[in-house]
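# Secondary and tertiary structure notes
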Amino acid sequence: MRQVAHHENLVVSPHGRNYVPNAVVRVRRPNKRRMRPAHRMAPASLLLNHRECRLHAEEGGNVRGVLDGPDVAVTLRGGVRTRFHAWEFVRWFADAWVGRPVEPEDGCTADELAAAEADLGFELPAALSEGYALFGRRDDLIRQQDPLVNPSGLYVDDALDGVLVFRRENQDCAFWGIPLTQIEQDDPPVVVESHHGWVPFLDRMSLAWVELVLSESLFAAGNLYDACELPDALMPDIHARYARVALPDHPMWASEDDSPMRWYAAPGRVIRRDGLQDQSWIHARGRTASDLETIREQLPGPWVG
């Protein structure tokens, strides 16, 4: 069985090493690939307000979380079909789960995004720039474990004819990015790099935003987080008590054994399972200490905390 060392500030490595919360690590910056000059587009115009997101959902979306309570599975029922659904989810999650609504000052400024685009030599995809403009300064949502890169830190990796890197593992063991061959799409696919090389992560940047917020919020929770290697015998309890969150399967960068990652939820509780093997790691987050204790009682595995 893989061992996990105890740390006073519980942030668990499921991959044979401890993570250090908020570790400061220099971002790798390969030679940038210069692209064609960009047609200027005002980044400020990319910031969507709450009313616009809600109107879009009413016109054809299915975002439900505001009225259904703090249940991630209910909020994402039907999936994240457009980037507007992603923004509505993040607003709901920040308010209902974290208890701190998204405010205008939580977004990166138009000047920051314009400077990043000028440095790169091309416009950022709409789904990437809109996320930065909406909550790019909310470290509690996006920079706890494997952080989002600041706009000034965006760079192009030379692999795959160029990959725009926007996120990194906290010890630079993995990176997330958008292939430049698809950079002109509004909501392009995302790839992840580890020792296996670059592989597909999720089909759309909007999905990657939702995954990022959920994963980073797990490790931001302090005494609201725990993890264990769950025996297969307890999986029926997950299926009976928790609904599968409508996010596609996506790979864990560390190994194939820890893939795919899948999410489950109940009111006030979120679980991420890494891999399908017996003793696969699960990461649990309660909205309150009582919610986390409920998870432990319902799934009586060898919890680390």
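This one's a predicted model, so the numbers in the text were calculated from it and none came from an experiment. (Residues numbered from 1 in each chain as written. Predicted model: local features only at pLDDT ≥ 70, side-chain atom pairs only at ≥ 80, totals over all residues. Heavy atoms only, no water.)

By the element assignment, arginine 285 lies in strand β10 (residues 280-286). In this structure arginine 285 is buried but unpaired, with aspartate 291 as the nearest side chain of opposite charge at 8.1 Å. (Helix = DSSP H or I, 4+ residues; strand = E, 2+ residues; numbered from the N terminus. Buried < 20%, exposed > 50% of the residue type's maximum accessible area, 1.4 Å probe, protein only. Lys, Arg positive; Asp, Glu negative; His and termini not counted. Salt bridge = Lys/Arg side-chain N within 4 Å of Asp/Glu carboxyl O.)

The omega torsion across serine 259 and proline 260 is 0°, close enough to zero to call that bond cis. One can find proline 260 in the loop between β7 (243-244) and β8 (261-266).

Time to look at the sheet that holds β10. Pairing is antiparallel across the open sheet formed by 5 strands, whose spatial order is β6-β10-β9-β8-β7. Either end of the sheet is taken by a strand with one partner, and the two such strands are β6 (225-230) and β7. Both β6 and β10 contribute to a ladder of 6 bridges, which runs antiparallel. Bridged to cysteine 228 within β10 is isoleucine 282. (Pairing = 2+ DSSP bridges.)

Structural remark: α-helix, 3.6 residues per turn; residues separated by three or four positions point the same way. Between its terminal C-alpha atoms helix α8 (residues 205-219) stretches 21 Å, which fits the 21 Å expected from 15 residues at 1.5 Å a residue. Summarising burial for α8: 15 of the 15 residues are buried, a large majority. (Expected span 1.5 Å × (residues − 1).)

With that settled, consider the packing of helix α4 (residues 83-98) against α8. Helix-helix packing is described using two parameters, namely the angle between the two axes and the distance between the axes. Following both chains from N to C, one finds α4 and α8 inclined at 20°, their axes separated by 8 Å at the closest point. Overall, the two elements α4 and α8 adopt an arrangement that is roughly parallel. The interaxial crossing formed by α4 with α8 has left-handed handedness. Residues Arg83, Ala86, Trp87, Phe89, Val90 and Phe93 of α4 pack against Ser206, Trp209, Val210, Val213, Leu214 and Ser217 of α8. (Axes fitted to C-alpha atoms, helices over the stretch in contact; angles between N-to-C directions. Parallel < 35°, antiparallel > 145°, perpendicular 65-115°, else oblique. Left-handed = near helix turned anticlockwise from the far one by under 90°. Contact = heavy atoms within 4.5 Å.)

Before going further, it helps to examine the sheet that holds strand β5 (residues 197-202). Spatially, β1-β2-β3-β4-β5 is the arrangement adopted by the 5 strands of the open sheet, whose pairing is antiparallel. Of all strands in the sheet, those bounded by a partner on one side alone are β1 (155-157) and β5. Within this sheet the neighbouring strands show an average axis-to-axis angle of 45°, counted without direction. Here strand β4 (residues 190-194) pairs with β5 via 5 bridges, running antiparallel. Pairing of valine 190 across the sheet is with leucine 202, part of β5.

Interpretation in functional terms is not warranted from these geometric data alone.
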